[in-house]
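Secondary and tertiary structure notes
Chain by chain, the residues:
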Amino acid sequence: MHQISNPSILYFGTPVVLVGTTNVDDTFNLAPISSAFWLGYRCMIGIAAHSKTTENILRTRECVLNLPSVEQVEAVDRLALLTGSNPVPAGKKLKGYTYEADKFGRAGLTPLESTIVSAPRVLECPVQLEAAFVAIHPFAAETGIENIRSVTLELKILRVHLDDSIVSRENPDHVDPEKWRPLIMSFQQFYGLGGQLHPSKLASVPERLYRTRDTESAGISHLDLN
Ligand SMILES: Cc1cc2nc3c(=O)[nH]c(=O)nc-3n(C[C@H](O)[C@H](O)[C@H](O)COP(=O)(O)O)c2cc1C
């Protein structure tokens, strides 16, 4: 039996991403989001139109998508209800948000210089994706411009940094899903993933068939790193 329901939120469980951006004064902002998915070397994030992060990405045209593992859950939680916007937007004030200029310090996380963009990586995050802003799409614009509260931003991944601990031993261009433990937000609560459930027919497709021109241009030979 199913019942008709009217939940206030539809956060069914998505990975947490810490978006690193640069402020006007060259300090850093860091914001947890969980509305994110990837197709090829493109990522779509869903984000409040009136967030410091959106403002920074639209101005600088870049960011870093840092993916915490379950190990960083406490640091992520310390970033909740904080904004880099001053004054705090009215909608956020209502939810109890306060202004914080030093998100890295508050979270106990370490900024790390990126290789292409000026936005910061997060040292503690096993995955760090340097990205360029490509396109913006407003949510609910068909009901009137004044109703736009969120936007999706298409980001192009320029460079991928992976912690050794999640990289396949046999192939440095493969994340081992047995080792990668993403932090998942489901209905405002934090979860991890369980173990593998079933053999996967989709996994019979060789990963190299998903490579695109974007993938190749984000690659870097191991010689280039020296
Ligand atoms: C676990 C978690 C997930 C979140 N997911 C989103 C999200 O997907 N989109 C969004 O706009 N805000 C999300 N938020 C709230 C943002 O962190 C919030 O908008 C914050 O103000 C962003 O920081 P900024 O204002 O400095 O950019 C999430 C917060 C937490 C703690």
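In this convention, every chain numbers its residues from 1, walking through the sequence in written order. Per-residue local features of the predicted model are confined to residues with pLDDT of at least 70, and side-chain atom pairs are confined, for both listing and counting, to 80 or more; whole-chain, interface and lining totals are unaffected and use all residues. Only hydrogens and water are removed before side-chain values are computed, so all heavy atoms of the structure are retained for them.

Looking at the pairing of strand E3 (residues 28–33)
Any two strands are treated as partners once DSSP identifies two or more bridges connecting them. Per the convention used, a helix needs a DSSP run of H or I reaching at least four residues, while a strand needs a run of E reaching at least two, with both numbered from the N terminus. One ladder, built from six bridges, connects strand E2 (residues 17–22) with E3; its direction is antiparallel. Opposite Val 19, over in E3, you have Ala 31 as the bridge partner. Linking E2 to E3, which pair antiparallel, is a turn of five residues; within it Asp 26 sits at a positive phi near 70°.

Topic: the site of the ligand
Definition of nearness: a residue and a molecule or strand are near each other if at least one heavy atom of the residue lies within 4 Å of the molecule or strand. Around the ligand, 21 residues are found, and the nearest of them are Pro 32, Thr 53, Thr 83, Gly 84 and Lys 92. Think of a polar contact as two N or O atoms within 3.5 Å of one another; within protein, one of them needs to be a possible hydrogen donor and the other a possible acceptor, and neighboring residues in sequence only count if both atoms come from side chains. In the environment of the ligand, an oxygen atom lies 2.9 Å from a nitrogen or oxygen atom belonging to the side chain of Asn 29. Interatomic distance of 3.2 Å between a backbone N/O atom of Lys 52 and an oxygen atom of the ligand. Areas reported as accessible are Shrake-Rupley estimates using a 1.4 Å probe. Residue values count occlusion only from the protein chains shown. The protein chains hide 87% of the 620 Å² of surface that the ligand would expose on its own. Listed by contribution, the elements that provide at least two residues to the shell around the ligand are E3, strand E5 (42–48), helix H1 (52–60) and strand E7 (82–83). In terms of residue count, the dominant contributor to the shell around the ligand is E3 (four residues). Lys, Arg, Asp and Glu make up the charged group, whereas Ala, Val, Leu, Ile, Met, Phe, Trp, Tyr, Cys and Pro make up the nonpolar group; the residues left over, Gly among them, are polar. Class assignment for the residues of the shell around the ligand results in 10 nonpolar, eight polar and three charged.

Focus on unusual backbone geometry
Put simply, Asn 86 and Pro 87 share a cis peptide bond, and its omega is 5°. With respect to the helices and strands, the residue Pro 87 is situated in the loop between E7 and helix H3 (90–94). A positive phi angle is found at Phe 187, which is not glycine, with a value near 50°. In this structure, Phe 187 sits in the loop between strand E13 (184–186) and strand E14 (189–191).

Focus: the packing of aromatic side chains
Stacked, tilted and edge-to-face are the three classes assigned to paired rings of Phe, Tyr and Trp, where Trp is represented by its six-membered ring and a pair needs centres within 6.5 Å; plane angles under 30 degrees give stacked, over 60 edge-to-face, the rest tilted. Following the criterion strictly, the structure yields two aromatic pairs and no others. Between Phe 12 and Phe 187, the aromatic rings sit 5.2 Å apart at their centres with planes inclined by 85°, giving edge-to-face as the arrangement. Note that Phe 12 is positioned in the segment before strand E1 (14–15) and Phe 187 in the loop between E13 and E14, a separation of 175 residues in sequence. When the centroid spacing of 6.3 Å and the interplanar angle of 65° are considered together, the rings of Phe 28 and Phe 104 count as edge-to-face.

Describing the sheet that holds E1
Strands in a sheet are paired, the pairing made by backbone hydrogen bonds, and the direction either parallel or antiparallel. Strand order in this open sheet of three strands is E1-E13-E14, and the pairing throughout is antiparallel. Every other strand in the sheet has two partners, leaving E1 and E14 as the edge strands with one partner each. The pairing of E13 with E14 spans three bridges and is classified as antiparallel. Its bridge partner being in E14, Met 185 is matched across the sheet by Phe 190.

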